[in-house]
Amino acid sequence: MKKILVVISIVLMSVLFIACNNDSATDGGSEDGVVELSFWRHEHPEEEAALRNLIESFEEEHPNIKVNMEIQTDYETAIRTALSGGTAPDIMQIDGPTLASYAENGAILPLDEYYERDGGKDDLLDSVVESLTYEDQMYAAPLNDASVAMFYNKKLFEENGVELPPTEAEEAWTWEEVLEAAKQITDAENGIYGWQPSMGGVQPGEAQVFSLLPYLWQAGGDIVDEDITTASGYLDSDESIRALDFIRSLYHEEGVAPIEQQEDPFPNGVLGISVVGPWEIAYLENEFPDFVFGEDWDIAPLWRDSEQVTPNGSWNMAITSQSDFPDEAWLFIDWVTGEEGAKVWYEKTRNLPARESTMEAFEDLNSHPMKIFVDQAREYAKPRPVTPDYIVISQTFGDLFESVVINNSDVGTAVEGAVEDINNVLAE
Amino acid sequence: MKIFSQRNREAVAAYLFILPAFGLLLLFILNPMAQSLITSFYDVNLISDQRSFLGMENYQHLLNDASFYQSLGNSFYFAILVIPIQTALALTLALLVKRSFPGVGVFRTIYFIPFIISMGVASSIFRMMYNKEAGLFNVILDGIGLPVLPFLSNPDIAMIGIVILGTWKSMGFFMIVFLAGLNNIPNDLYEAAQIDGAGPIKRFFSITLPLLKKVMAFVIIITTMDALKIFIPIYVTMAGGGPAGSTRTAAYFIYNHAFQHMDMGYATAAAFIFFIIILIISLIQMRVLRSDVEY
Amino acid sequence: MLNVIKVMLMTVIAFIVLLPVSWMVLSSFRLEEEIFKFTELGYHLLIPENWTLQNYRDIFSENQRPLDRYMLNTLFIAVTGTFLGLLVNSFAAFSFAKMRFPLKRSLFVIFLSTLAIPFEAIMVPQYMIIRDFGWLDTYTALIVPQIVWAFGIFLLVQFFSDIPRSLIEAARIDGASWLTIFFRVAVPMSWPAIITLGIITFVGKWDEFLWALIVISDDAKQVIQIAIASYSLETYTSWGMVFAASTIASIPTMIIFLLLQKYYIQGVTTSGIK
């Protein structure tokens, strides 16, 4: 009997042993002198098409380099697991707010030397460069920038005899002017609301935070100090509290903002004013062909308070530190995000450019409505704090907003808890 | 002597039967679990290859983390609601469709359908149905004169929305588990009871329920484990534990710390505290339901 | 009378259960702009205004992600995984339920305890093992790590343990081996339980998402749920395509269930019970 058990154990152990040693690296090696670069990104059909185009021209120019683009569903989970397991691609797409934590953990390489050698950095908007710079090094090359503006239902404005908002960024409405219009449009009995001050409504996520942080900045407040060491005196400053209390009042005393509304409230005609970015233009045109730009809806600059500030930051490209071919990877990144690539990118995707040269090159970027976003990006854009703790800060701020709005609780008290949470994380 | 060797041979055969399962378990589940346990004593970021030893620090930190307790509370709240409701409904359905009559197959299939819709898609559908203004669920409530239930924006009732979704999704499966169990109860027992004059209710409590004990034990223990680990509806239907954090469960806490904050050490420590809690509950349940393996 | 009430009750439950599913299926025949258009109680809340097959055409004509290819991949994984799972888990369950050996209880608790750990907590180390085996981007990675399933073992143990020990003793005395007893006695007496486990294993495989997401990056080897999820983009979701694909994806499992459910009909004929 014992013999059999011994045999079993040996078989089992050897299976484990063989299995554990079957370590086969499947990295894009350079057989016959051709370097294979792997490049991962998230799902987006139009951008994918643009990149296929750019890959084709790149491979023609550099016959010794081949780029394999892989589209990942649930991209962040996929790339993080791959980074963790040492199976990451050479080039990764990276979302602005996560940059610092990837940089801090040594997952991506700084690009400063490449930019110094090949140029192209001066052409980038300062606010974009700032959003991609962590501890004085720039870690990613921007595909494009992003901004948000005031999308308004023109029909609802006209029906209620409300004056239309301006088209020039420098003439942006103040909070009070927007509120005044929102009050006149709101018809809560019929489910029509004037103003959804948060992007995508009241639901957790970075979109919400992206659109809400500007209120603090516009009021003259902030979430943390410049050096990102504390939230005390910033998130709980009078200015920040006033901003948060203003947003809260929209959902309660003023009654112009809905806590919950149907899917796509804006194109379905039950929301007067929403806050979204340029990507929404294509979405509305494709999915709601009966909801016509210029007739049914239009775009005005993002509102202001004592200051005019807009958010920025979008998707970028970075070289992972696991890459065996960082130099070749840079060549591809520069091809896509450099002056010429950026023009192709804009032509195919209509994303807000991060380069001055692209902004100048296209007529439609200098006319309504894209001009609003371009002017905002040039003049008023402010990046979110670049810190590895941003993810926690963002979640804490989102929680604060939700609890204040949903529970209609006192802002002064609610910020205390949030300040403590953020300070704890920053102290670690 | 002979009996001894007989037993011995039985034991060897038994081990051989278990061996494939155990080998795979060791390799693909116990081994990763051990590695996660080790991780829980370190400060390690998901995407970094650096790690530094912390000892029990992650655990100490967790025991002082109010949001961790809150997530445990939410998990238990959900489990305590869903276990009796789902089990009772599943058993009722099984009793309704157990006997053969024309068309019974259609009913069985209909009750089972929610189980074959993927959890991700089902969670999205319920998110849309629960919409306060335009969701099918609330439009119908409103249409028949009942008050609407804003599961997505009222923190007090949000978890009820998840209970309804969970029950809808899983009761069909537990129905067929009960059906398989009912199938094992000999019909003559019922016939004898009927001759003795026992009514349907008496027959249910004196025959069906006692003879379903093992199946019942399985259903309750599994429902408890699944309920405590609920994740996808929290992530999808409630868009990440909303409204105002009222549906953040322990599994969501673990996911959030592991894949959002990328704080692997902290997340695995939370997972092991949670693991111990679930295990203790399951063992108590096994003891209470006395559904042990035969000796 | 009682039967009429019963059938009425069953019908009402069926309607409630089907409501979300019918909404999904019917919405798959709507254009995107119509899906959220109707917000009042009425005919069009469920029934499309303009019926269209566009969503179905879209999911099958996607060049990058053809749905039929993904269905075949998933079918292969599901069938293989279910077959191997049933074999391995029922062996172990039989031994736990009907055989005597030392350390049985401890071993059983070890098996059961693996159900108590959230998958998110062991996903990364599991991924590393697959990487070390060189199994990334292979079907093996989707099949082998999930063959053993304590849930299935637990389910079958509950049913196997109902088999009278005397039956097994009798077979032993006749000189039958344990393997023969397993196949000739245990399995035939437990078909409903084995079928139940088979169905849920199959459904579980069909539902595979997170694990497939991280171990498979080659588009050609991807599974169906990934394809469905890929219709959801960062900025918007094509709900029509999601619903159409989900509808198609639930058909195979439904057919299997319809065919196999005869095993849930009580074996002995009923008489005299109304």
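All values derive from a computational prediction rather than experimental measurement.

Could you give an account of the overall build of chain B, with specific residues and numbers?
Assigned secondary structure in chain B consists of 13 helices and two strands. Over its C-alpha atoms, taken along the principal directions, chain B stretches across nearly 80 × 70 × 30 Å. Counting every position in chain B, which comprises 295 residues, the buried fraction comes to 59%. In chain B, the share of contacts with a sequence separation of at least 24, taken over all contacts with a separation of at least 6, comes to 67%. On chain B, roughly 11,400 Å² of surface is accessible, and the fraction owed to carbon and sulfur atoms is 66%. Averaging the locations of the 18 positively and 15 negatively charged side chains of chain B gives two centres separated by 11 Å.

Explain the environment of Arg378 of chain A to me, using residue names and the numbers behind them.
All names here are of chain A. Relative to the assigned elements, Arg378 resides in helix H15 (residues 370-379). Look at Arg378 and you get partly exposed, because its relative accessible area is 30%. In this view, Arg378 contacts Leu125, Glu356, Met359 and Glu360; residues no more than four positions away in its chain are not counted.

Could you give me a rundown of the sheet that holds strand E3 (residues 91-95) of chain A, with the residues and numbers involved?
Residues and elements named next belong to chain A. Reading across from one edge, E2-E1-E3-E12-E6 is the order of the five strands in this open sheet, with mixed pairing throughout. Looking at the sheet topology across the chains shown, the edges are occupied by strand E2 (65-72) and strand E6 (141-142). Note that E6 and strand E12 (residues 315-319) share two bridges and pair antiparallel. Each bridged residue has a counterpart across the sheet, and for Ala141 the counterpart in E12 is Met317. Set on the sheet, helix H2 (residues 45-61) makes contact with strand E1 (35-42), E2 and E3; between it and E2 the angle comes to about 170°. Relative to the sheet, helix H3 (residues 75-84) contacts E1, E2, E3 and E12, its axis offset from that of E1 by approximately 140°.

So, the side chain of Thr247 of chain C: which residues are in play, and what are the values?
Residues and elements named next belong to chain C. Tracing the sequence through the fold places Thr247 in helix H14 (residues 239-260). Thr247 gets classed as buried once you look at its relative accessible area, which sits at 13%. Those residues in contact with Thr247, other than ones at most four positions away along the chain, are Met24, Val25, Ser28 and Tyr56.

Which residues make up the environment of Ile85 of chain B, and what values go with them?
Tracing the chain through its elements places Ile85 of chain B in helix H3 (residues 66-97). Filtering out sequence-adjacent residues up to four positions away, Ile85 of chain B remains in contact with Val163 and Thr167 of chain B.

Help me get a handle on the pairing of E12 of chain A, residues and values and all.
A regular strand places its side chains on the two faces of the sheet in alternate fashion. All names here are of chain A. Along E12, five of the five residues are buried, which leaves the element largely enclosed by surrounding structure. Side chains Trp315, Met317 and Ile319 of E12 all project onto a buried face; the interleaved residues Asn316 and Ala318 project onto the opposite face, where all are buried too. Pairing analysis gives five bridges linking E3 to E12, with the strands arranged antiparallel. Residue Asp95 lies in a different strand from E12, and its bridge partner there is Trp315.

How would you summarise the interface of chain A and chain C if you had to cite specific residues and measurements?
Every contact between the two is made by 35 residues of chain A and, on the other side, 29 residues of chain C. Taking both partners together, chain A and chain C bury about 2,600 Å²; carbon and sulfur atoms supply 55% of that area. The interface formed by chain A and chain C includes zero salt bridges. Counting the contacts that link chain A with chain C gives four residue pairs in polar contact (both at pLDDT 80 or more). Looking at the side of chain A that touches chain C element by element, the count peaks at five residues for H3 of chain A. Among the residues making up the side of chain A that touches chain C, the classes are represented as twelve nonpolar, 14 polar and nine charged.

Residues and numbers for helix H13 (residues 264-288) of chain B, please.
Since there are 3.6 residues in each turn of an α-helix, residues three or four apart along the chain are aligned in direction. Counted at 1.5 Å a residue, the expected span for H13 of chain B with its 25 residues is 36 Å, and the 36 Å between its end C-alpha atoms agrees. One or two steps after H13 of chain B, the chain reaches Arg290 of chain B, where phi turns positive at roughly 40°.

Give me the lowdown on the packing of helix H5 (residues 104-113) of chain C against helix H8 (residues 150-160) of chain C, citing residues and values where you can.
All names here are of chain C. Where H5 meets H8, the axes come as close as 8 Å, and the angle between the chain directions of the two elements is 130°. When the axes of H5 and H8 are compared, the pair comes out oblique. Crossing hand, H5 versus H8: left-handed. Touching Phe108, Phe111 and Leu112 of H5 are Ala150, Ile153, Phe154 and Val157, all from H8. For the contact of H5 with H8, the class distribution of residues is seven nonpolar, no polar and no charged.

Outline a nonpolar patch on the surface, supporting the account with residue identities and numerical values.
Residues and elements named next belong to chain B. Together, Ile276, Ile280, Ile284 and Val288 give the surface a local cluster of nonpolar side chains, amounting to about 370 Å² of exposed area. Residue position: Ile280 is located in helix H13. On the basis of relative accessibility, which here comes to 45%, the residue Ile280 falls in the partly exposed class.

So what about the nonpolar core? Which residues, and what values?
Residues Trp195 and Leu235 of chain A together with Tyr111 of chain B are the most contacted members of the largest nonpolar core, which totals 344 residues. Among the elements that line this core, the one with the most residues is helix H7 (residues 158-183) of chain B, at 16 residues. Excluding its chain neighbours within four sequence positions, the residues that come into contact with Tyr111 of chain B are Leu93, Val97, Gly172 and Met175 of chain B together with Met10, Ile13, Ala14 and Val17 of chain C.

Describe the domain arrangement of chain A, listing the residues and the values that go with them.
All names here are of chain A. Domains assigned within chain A are domain 1 (37-145 + 313-382) and domain 2 (149-311 + 389-427). Each of domain 1 and domain 2 was reduced to a C-alpha centroid, and the two centroids are 28 Å apart. Each partner contributes to the interface: domain 1 provides 17 residues, whereas domain 2 provides 26 residues. For Glu168, the salt bridge goes to Lys371, with nearest N and O atoms at 3.3 Å. In this assembly, domain 1 and domain 2 are joined by five residue pairs in polar contact (both at pLDDT 80 or more). For the side of domain 1 that touches domain 2, the elements supplying multiple residues, two or more each, are H15 and strand E13 (381-382). Broken down by element, the side of domain 1 that touches domain 2 gets its largest block of residues, six residues, from H15.

Can you tell me about the confidence of the model for chain A, naming the residues and giving the values?
In low-pLDDT regions, the fine details of the predicted coordinates are not to be read closely. All names here are of chain A. Of the residues in chain A, 93% have a pLDDT of 70 or more, and the chain-wide mean is 92. Of the regions scoring below 50 in pLDDT, residues 1-5 engages in five contacts with residues more than four places distant in sequence or in other chains. Considering only residues more than four positions removed or in separate chains, one finds that residues 14-27, a stretch of pLDDT under 50, has twelve contacts.

Lay out a negative patch on the surface in plain terms, naming residues and giving numbers.
On the surface, a cluster of negative charge is contributed by Asp126, Glu130, Glu226 and Asp227 of chain A. As for its placement among the helices and strands, Glu130 of chain A is situated in helix H6 (residues 126-131).

Could you give me a rundown of the sheet that holds strand E7 (residues 149-153) of chain A, with the residues and numbers involved?
Residues and elements named next belong to chain A. What the four strands build is an open sheet, ordered E8-E9-E7-E10; its pairing is mixed. The sheet is open, and its two edges are formed by strand E8 (193-195) and strand E10 (297-300), each paired on a single side. Across the sheet, the mean angle separating the axes of adjacent strands is 25° when strand polarity is ignored. The pairing of E8 with strand E9 (residues 271-276) spans two bridges and is classified as parallel. The partner of Tyr193 across the bridge, within E9, is Leu271. Helix-sheet contacts for helix H8 (residues 175-185) involve E7, E8 and E9, and the interaxial angle to E8 is about 170°.

Please set out the pattern of salt bridges residue by residue, giving values where relevant.
Summed over the entire model, instances satisfying the criterion amount to 26 salt bridges over all chains. Note that Arg165 of chain C and Glu10 of chain B form a salt bridge whose closest N and O atoms lie 3.5 Å from each other. Remark: Glu10 of chain B occurs in helix H1 (residues 2-39) and Arg165 of chain C occurs in helix H9 (residues 165-173); the pair is interchain, linking two chains. Residue class for Arg165 of chain C comes out buried when judged on its relative accessible area of 15%. Through salt bridges with shared partners, one network takes in Glu168, Lys371 and Asp375 of chain A.

Tell me about unusual backbone geometry, and name the residues and values.
Here the residue pair His368 of chain A and Pro369 of chain A is connected by a cis peptide bond, since its omega of 0° sits within 30 degrees of zero. Here Pro369 of chain A is to be found in the loop between helix H14 (356-361) and H15. Across the junction of Gly242 of chain B and Pro243 of chain B, the peptide omega takes the value -15°, indicating a cis bond. Structurally, Pro243 of chain B is set in the loop between helix H11 (232-235) and helix H12 (250-260). For Glu135 of chain A, which is not glycine, the phi torsion reads 45° and is therefore positive.

Residue-level account of the interface of chain C and chain B, with values.
Opposite the 108 residues of chain C that make contact, chain B presents 103 residues. Interface area, chain C with chain B, both sides summed: about 9,800 Å², of which 74% is carbon and sulfur. The tally of links from chain C across to chain B stands at two salt bridges. With its nearest N and O atoms 3.6 Å apart, the salt bridge here joins Lys214 of chain B to Asp162 of chain C. Considering each element in turn, the side of chain C that touches chain B owes the most residues, 14 residues, to helix H1 (residues 2-27) of chain C. In terms of residue class, the side of chain C that touches chain B is built from 77 nonpolar, 20 polar and eleven charged.

The rules we used
Residues numbered from 1 in each chain as written. Chains lettered and ligands numbered in written order. Predicted model: local features only at pLDDT ≥ 70, side-chain atom pairs only at ≥ 80, totals over all residues. Heavy atoms only, no water. Helix = DSSP H or I, 4+ residues; strand = E, 2+ residues; numbered from the N terminus. Buried < 20%, exposed > 50% of the residue type's maximum accessible area, 1.4 Å probe, protein only. Contact = heavy atoms within 4.5 Å. Areas by Shrake-Rupley, 256 points an atom, 1.4 Å probe, with all protein chains shown as cover. Lys, Arg positive; Asp, Glu negative; His and termini not counted. Charge placed at Lys NZ, Arg CZ, Asp CG, Glu CD. Pairing = 2+ DSSP bridges. Axes fitted to C-alpha atoms, helices over the stretch in contact; angles between N-to-C directions. Buried area = accessible area lost by both parts, 1.4 Å probe. Salt bridge = Lys/Arg side-chain N within 4 Å of Asp/Glu carboxyl O. Polar contact = N/O pair within 3.5 Å; in protein donor to acceptor, adjacent residues only side chain to side chain. Nonpolar A, V, L, I, M, F, W, Y, C, P; charged D, E, K, R; others polar. Expected span 1.5 Å × (residues − 1). Parallel < 35°, antiparallel > 145°, perpendicular 65-115°, else oblique. Left-handed = near helix turned anticlockwise from the far one by under 90°. Patch = residues over 30% accessible without salt bridge, like charges linked within 9 Å, V, L, I, M, F, W, Y side chains within 5 Å. Core = buried A, V, L, I, M, F, W, Y, C linked by side-chain atoms within 4.5 Å. Domains from an automatic or database assignment. pLDDT = per-residue confidence, 0-100.

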